[in-house]
Amino acid sequence: MTKVTLALWQRAPVISSPEGFLQSLDKILTQTRADVLITPELCWPGYGDASASCAAAVNQRSPFIAKVRALAVRHGIAVVLGYAETDSGHIYNSAICIGSDGAIVANYRKQTIANDYERECFTRGTPAPVFEIKGVPMALLICLDAEFPELVRHASLEGALLLIVPTALSPKWQVIPDVVIPTRACENGIFVAYCNYAGGGNAAPFCGRSLVVGPDGRAMANAQTGECLLEVTINSGDVVKARGQLDYLRHLGDLLHS
């Protein structure tokens, strides 16, 4: 049984210079003792402006990512950063996980294309392997990805006990954090950390409502609509407990092999 403390940075969708963004990231890291800081979808450079997303896209070996890695080391905190990634002539809606030692632990590229803005900018990604922080297996999805039960089920079958979901969600879709995300957690017996923006943006206002859901489908911590740093400690033993009461994955195996 391992405990991991998460900090979800529900921030305003402000597009700034690289230097300004890194200063904001540095400041928020000083405000938490969490093991992992999680940001919204496309936290760099921001969500909704196609030209800005394309112009500011960076690769994993860029000086910008190197500076994020240095901040993770300085503060001793792993960082999950939603960002516009460029690689081999393509641009992806990605989330990178940088360990507290500065190593790139995982890099995930969003598999779904949610709207015209994303269609204009981004190439569709593919599933990424499960990774570990402090011995807890984790996986990444981004926004709309987590609304598909098949994608969440794939991550849980691969061994993830925590699903991290950077998102950019408008108020019209509040049913997602209220109903869909808790359902995904419950039907897989996993934790889900869902991190959104708060306030106005380029494409639409965002509804906040970031949350961490336990493997029983109950919210452990909820943000409201404003900017905040939402912190919660998860215990991997709770997955064992929840699955001991109702293990959908085991029942699925029985069905498939009957």
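What you are looking at is a predicted structure, and each value in this text was computed from that prediction instead of being measured.

Criteria and cut-off values
Residues numbered from 1 in each chain as written. Predicted model: local features only at pLDDT ≥ 70, side-chain atom pairs only at ≥ 80, totals over all residues. Heavy atoms only, no water. 1 Å grid on protein atoms, 1.4 Å probe; cavity = no way out; pocket = protein on both sides within 12 Å on 5 of 7 lines; lining within 4 Å. Points joined across faces, edges and corners; volume = space filled by probe spheres on them. Helix = DSSP H or I, 4+ residues; strand = E, 2+ residues; numbered from the N terminus. Nonpolar A, V, L, I, M, F, W, Y, C, P; charged D, E, K, R; others polar. Expected span 1.5 Å × (residues − 1). Buried < 20%, exposed > 50% of the residue type's maximum accessible area, 1.4 Å probe, protein only. Arc of directions from axis to C-beta. Phe/Tyr/Trp six-rings, centres within 6.5 Å; stacked < 30°, edge-to-face > 60°. Lys NZ or Arg CZ within 6 Å of the ring centre and 35° of its normal. Contact = heavy atoms within 4.5 Å. Core = buried A, V, L, I, M, F, W, Y, C linked by side-chain atoms within 4.5 Å. Axes fitted to C-alpha atoms, helices over the stretch in contact; angles between N-to-C directions. Parallel < 35°, antiparallel > 145°, perpendicular 65-115°, else oblique. Left-handed = near helix turned anticlockwise from the far one by under 90°. pLDDT = per-residue confidence, 0-100.

Caption draft 1: Layout of the layout of surface pockets. Taken as a whole, the second largest pocket holds about 180 Å³ of empty space. Together, Trp9, Gln10, Arg11, Ala12, Val14, Ser24, Lys27, Ile28, Gln31, Glu227, Cys228 and Leu229 line the second largest pocket. Those elements giving two or more residues to the lining of the second largest pocket turn out to be β1 (3-10), α1 (18-30) and β14 (228-235). With three residues, α1 is the largest single contributor of residues to the lining of the second largest pocket. Across the lining of the second largest pocket, the residue classes break down as six nonpolar, three polar and three charged.

Caption draft 2: Spotlight on helix α3 (residues 63-75). With 13 residues, α3 extends 19 Å between its outermost C-alpha atoms, agreeing within 8% with the 18 Å of an ideal straight helix rising 1.5 Å per residue. For α3, the set of buried residues is Phe64, Ile65, Val68, Leu71 and Ala72. The arc enclosing the buried residues of α3, seen along the axis, measures out at 110 degrees, which places them on a common side. Structural note: α3 exposes Pro63 and Arg74 on the side pointing more than 90 degrees away from its buried face.

Caption draft 3: Spotlight on the packing of aromatic side chains. Counting across every chain of the model gives eight aromatic pairs. A centroid spacing of 5.7 Å and a plane angle of 55 degrees characterise the contact between Phe21 and Trp44, whose relative ring orientation is tilted. Of this pair, Phe21 sits in helix α1 while Trp44 sits in the loop between β2 (36-38) and α2 (50-56), placing them 23 residues apart in sequence. Across the pair, Trp44 and Phe21 agree in class, each one buried. For the ring pair Tyr117 and Phe122, a centre distance of 5.9 Å and an interplane angle of 85 degrees mean the geometry is edge-to-face. Residues Tyr117 and Phe122 agree in their burial class; the two are buried. Three or more aromatic residues link up through ring pairs in this structure, and these residues are Tyr47, Tyr117, Phe122, Tyr197 and Phe206. Above the face of the Trp9 ring, Arg11 is positioned so that its terminal group lies 4.7 Å from the ring centre. Seen from the ring of Tyr92, Arg109 lies directly overhead, with NZ or CZ sitting 4.1 Å from the centre.

Caption draft 4: Geometry of the environment of Leu161. Mapping Leu161 onto the fold places it in the loop between α5 (149-157) and β8 (162-166). On the accessibility criterion, Leu161 (18% relative accessible area) is buried. Sequence separation between Leu161 and Ser236 is 75 residues, and the spatial gap between their C-alpha atoms is 7.1 Å. If sequence neighbours within four positions are ignored, Leu161 has contacts with Val136, Pro137, Ile190, Phe191, Ser236, Val239 and Arg243.

Caption draft 5: Summary view of the nonpolar core. Core analysis: the biggest nonpolar cluster contains 50 residues, and Leu6, Ile38 and Leu163 have the highest contact counts within it. Considering every element that reaches this core, the biggest residue donor is strand β9 (residues 191-195), with five residues. Other than its neighbours up to four places away in sequence, Leu6 contacts Ala34, Val36, Ile38, Leu162, Ala193, Leu230, Glu231, Val232 and Ile234. In terms of nonpolar packing, the next biggest core, distinct from the first, is built from 36 residues, Leu25, Phe64, Val68 and Tyr197 among them.

Caption draft 6: Representation of empty space enclosed by the protein in the model. One pass over the structure, following the stated rule, counts one cavity of 30 Å³ or more. Quantified by volume, the largest cavity comes out at close to 30 Å³. Classifying every residue of the lining of the largest cavity by side-chain character gives two nonpolar, three polar and two charged.

Caption draft 7: Region of the structure containing the packing of α1 against α3. Between α1 and α3, the shortest axis-to-axis distance is 10 Å and the interhelical angle comes to 15 degrees. With respect to α3, the axis of α1 lies roughly parallel. α3 is crossed by α1, and the crossing has right-handed handedness. Together, Pro18, Phe21, Leu22, Leu25, Asp26, Leu29 and Thr30 of α1 and Phe64, Lys67, Val68, Leu71, Arg74 and His75 of α3 make up the contact between the two elements.

Caption draft 8: Main features of the confidence of the model for the chain. Residues at a pLDDT of 70 or more form 98% of the chain, whose mean pLDDT is 95. Element-level mean pLDDT values for the chain span from 82 in helix α8 (residues 248-256) up to 99 in β2.

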